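Residue-level listing of the chains:
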Amino acid sequence: MQPIRVQTTPFDDQKPGTSGLRKQVRVFQQPHYLENFVQSIFDTQALAGATLVLGGDGRYHNRQAIQTILRMAAANGVARCLVGQGGILSTPATSCVIRRRRTAGGIILSASHNPGGPDGDFGIKFNTANGGPAPEGVTGAIYARSREIDHYLTLDTPDVELDRIHQFTLGGMRVEIIDPVADYAELMAAQFDFEAIRALLAGGFRMAFDAMHAVTGPYARRILEQQLGAPEGTVRNGEPLEDFGGGHPDPNLAHAAELVALTRGPEGLDFAAASDGDGDRNMILGRDIFVTPSDSLAILAANATVFPPWREGIPGVARSMPTSQAVDRVAARLGIACYETPTGWKFFGNLLDAGRIAFCGEESFGTGSSHVREKDGLWAVLAWLNLLAVRRQPVRELVRAHWAEYGRNYYSRHDYEAVDKAAAEALMADLRARLPDLAGTRLAGRVIRLADDFSYTDPIDGSVAERQGIRILFEDGARIVFRLSGTGTVGATLRLYLESLETDPTAQCQDPQQALAELIAAADELAGIRRHTGRERPDVIT
Ligand code: G1P
Ligand code: ZN
């Protein structure tokens, strides 16, 4: 079958952000929009003759995009394509399939935790052969190509059947519709002590998992309910829906309020967790406690030897720059390496590939390990279940014991969403200009130790990422960080990250917003957030 050559012209907004190209569905529905980006992948990555993995989080436009990409893959000479049944593959499961089946890479269709549906968002990203998000060099090449593209290749074929597990050829390409859960479930069984978790769940431990009508429903049902014996109904909102049931598939205190309520009070569940649209984020709750993602990373690292692959200990850990420094103290105590990377999971890739780190995480509800090259929501949930199965302690006790031993990092992120882009950029530019004069001065009753715009040199390949966020570090361990989001789709999103360190175990019961009040006021004083954005308060506090 001869490929069809379709003339096209570049779009000027196809620069991938923190996690791929993410836009409103209606932007993706423009003729040639998706096609241009996909052809730019085929034009810059050596995929002819190779195997590609393809799937998404099931949101609106997922199925249609898969049909388009399959035709284009075949027309571009891809030899074989593995597609999740129903077009479904969570982000960590895609990473898992790429690695286990040694494919050349994969294409993930998702806008993560952003709302879906015709008025929601859509997204696409390319993952390389290590299973991880494409590094800057690759995304840069794809973007550069999208700026000069003049045609794409496709086939004139009818839609293919995605809902049945079967194999067929499309043009000259082999297509295999695969079980989206099987490879991933096997991998999980190798990471954790399933016997211990089964015993925990059989012993009256009460839990809930909220899939938020997004991609993790089928994964959680198979693993938690079928394999680990959690009672049916443990997985809530387990049916993936194109609009996520109208919800916002972002597991945090604001968007998973119903789940949080189930854990409150003496009758509250022992444990509850949720994952996001594409299954890479996680939220961990115990009775009357929310475990911040930064604390979760630190606690998992401190207890790494309970997990079968890490019985002998872990080589190191990494966190994104804005993530709290709780894990740093664990690493120091264990005498292992601790890396601080820019925001975005791709920066962990080289460290994981080189075996320098075992666990890594981001404050934005991302936690994971070297088992795949994406953050992994269900991995974090299973890790907590494994930990609780061994410790046999309520979550709250376990977390408090950790704070008593290592100190507590009060932490919060304030998001100002859909801010005028120019205003947000002006705020950052003003602040940047004043950085050289800040060290040694006082703010919020503290002395500033260092103020800079974070820059990272990858210790493996030497690549440099600059301007990754403004850090104000205080001598007492507190921090204020300012960053502009790379995933928003409307205007600019200003993120303000606040952190302070409390080492007195008797003083540890305050609300983080209260504990951070001075720093919050200082951040506004320093950057003029209200003045620049016209906003009185943040839109989302996590
Ligand atoms: C956000 C998070 C970041 C995460 C990314 C993808 O990016 O802050 O940690 O890696 O989503 O899930 P941002 O919008 O801040 O650029
Ligand atoms: Zn996600």
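Look up a bit, the structure's there.
Bear in mind the structure is a predicted one, so any value in this text is a computation, not a measurement.

(A) Spatial organisation of the sheet that holds strand β20 (residues 442–443). Spatial strand order, β20-β21-β24-β25-β26-β19-β27: 7 strands in an open sheet with antiparallel pairing. Edge positions in the open sheet fall to β20 and β27 (540–541), since each of these has one partner strand only. Looking at chain direction, β20 and strand β21 (residues 446–453) are connected through 2 bridges and run antiparallel. If you follow Arg442 over to β21, its bridge partner there is Val447. Set on the sheet, helix α15 (residues 421–434) makes contact with β19 (408–419), β21, β24 (470–474), β25 (479–484) and β26 (492–502); between it and β25 the angle comes to about 140°.

(B) Structural detail: the packing of aromatic side chains. Summed over the entire model, instances satisfying the criterion amount to 13 aromatic pairs. Between Phe192 and Trp379, the ring centres sit 5.9 Å apart and the planes meet at 50°, which makes this aromatic pair tilted. Residue Phe192 is found in the loop between α6 (182–191) and α7 (194–202), and its partner Trp379 is found in helix α13 (residues 377–391); the two are separated by 187 residues along the sequence. Across this residue pair, the class does not change: Phe192 and Trp379 are buried. Through pairs of rings, three or more aromatic residues link up here, namely Phe192, Phe307, Trp310, Phe359 and Trp379. We note Arg408 situated over the ring of Trp403; from NZ or CZ to the ring centre the distance is 3.8 Å.

(C) Layout of the site of ligand 1. In the vicinity of ligand 1, 15 residues are found, and the nearest of them are Ser364, Ser485, Gly486, Thr487 and Arg495. Taking Lys375, its side chain carries an N or O atom lying 2.8 Å from an oxygen atom of ligand 1. Separating an oxygen atom of ligand 1 from a backbone N or O atom of Gly486 is a distance of 2.6 Å. Taking 380 Å² as the accessible area of ligand 1 by itself, protein coverage stands at 98%. Judged by the fraction of its atoms near the pocket grid, ligand 1 is located in the largest cavity. When grouped by side-chain class, the residues that make up the shell around ligand 1 number no nonpolar, 8 polar and 7 charged.

(D) Representation of α13 within the structure. In this model α13 runs 21 Å from its N-terminal to its C-terminal C-alpha over 15 residues, within 8% of the 21 Å that 1.5 Å per residue would give. In this structure Asp376 caps α13, since a side-chain oxygen of it lies 3.3 Å from the backbone nitrogen of Leu378. Within two residues after α13, Arg392 carries a phi angle of roughly 50°, on the positive side.

(E) Region of the structure containing the sheet that holds strand β15 (residues 316–320). Strand order in this open sheet of 4 strands is β16-β15-β17-β18, and the pairing throughout is mixed. The two strands at the open ends of the sheet, each matched to only one other strand, are β16 (337–341) and β18 (366–369). On average, adjacent strands in this sheet sit at an angle of 15° to one another, irrespective of strand direction. Where strand β17 (residues 359–362) meets β18, 4 bridges bridge the pair, whose relative direction is antiparallel. Looking at β18, one finds that Cys360 is bridged to Gly368.

Thresholds applied
Residues numbered from 1 in each chain as written. Chains lettered and ligands numbered in written order. Predicted model: local features only at pLDDT ≥ 70, side-chain atom pairs only at ≥ 80, totals over all residues. Heavy atoms only, no water. Pairing = 2+ DSSP bridges. Helix = DSSP H or I, 4+ residues; strand = E, 2+ residues; numbered from the N terminus. Contact = heavy atoms within 4.5 Å. Axes fitted to C-alpha atoms, helices over the stretch in contact; angles between N-to-C directions. Phe/Tyr/Trp six-rings, centres within 6.5 Å; stacked < 30°, edge-to-face > 60°. Buried < 20%, exposed > 50% of the residue type's maximum accessible area, 1.4 Å probe, protein only. Lys NZ or Arg CZ within 6 Å of the ring centre and 35° of its normal. Near = heavy atom within 4 Å. Polar contact = N/O pair within 3.5 Å; in protein donor to acceptor, adjacent residues only side chain to side chain. Areas by Shrake-Rupley, 256 points an atom, 1.4 Å probe, with all protein chains shown as cover. 1 Å grid on protein atoms, 1.4 Å probe; cavity = no way out; pocket = protein on both sides within 12 Å on 5 of 7 lines; lining within 4 Å. Sits in = over half its atoms within 2 Å of the grid points. Nonpolar A, V, L, I, M, F, W, Y, C, P; charged D, E, K, R; others polar. Expected span 1.5 Å × (residues − 1).

Bear in mind that shape data such as this cannot, by itself, settle questions of function.
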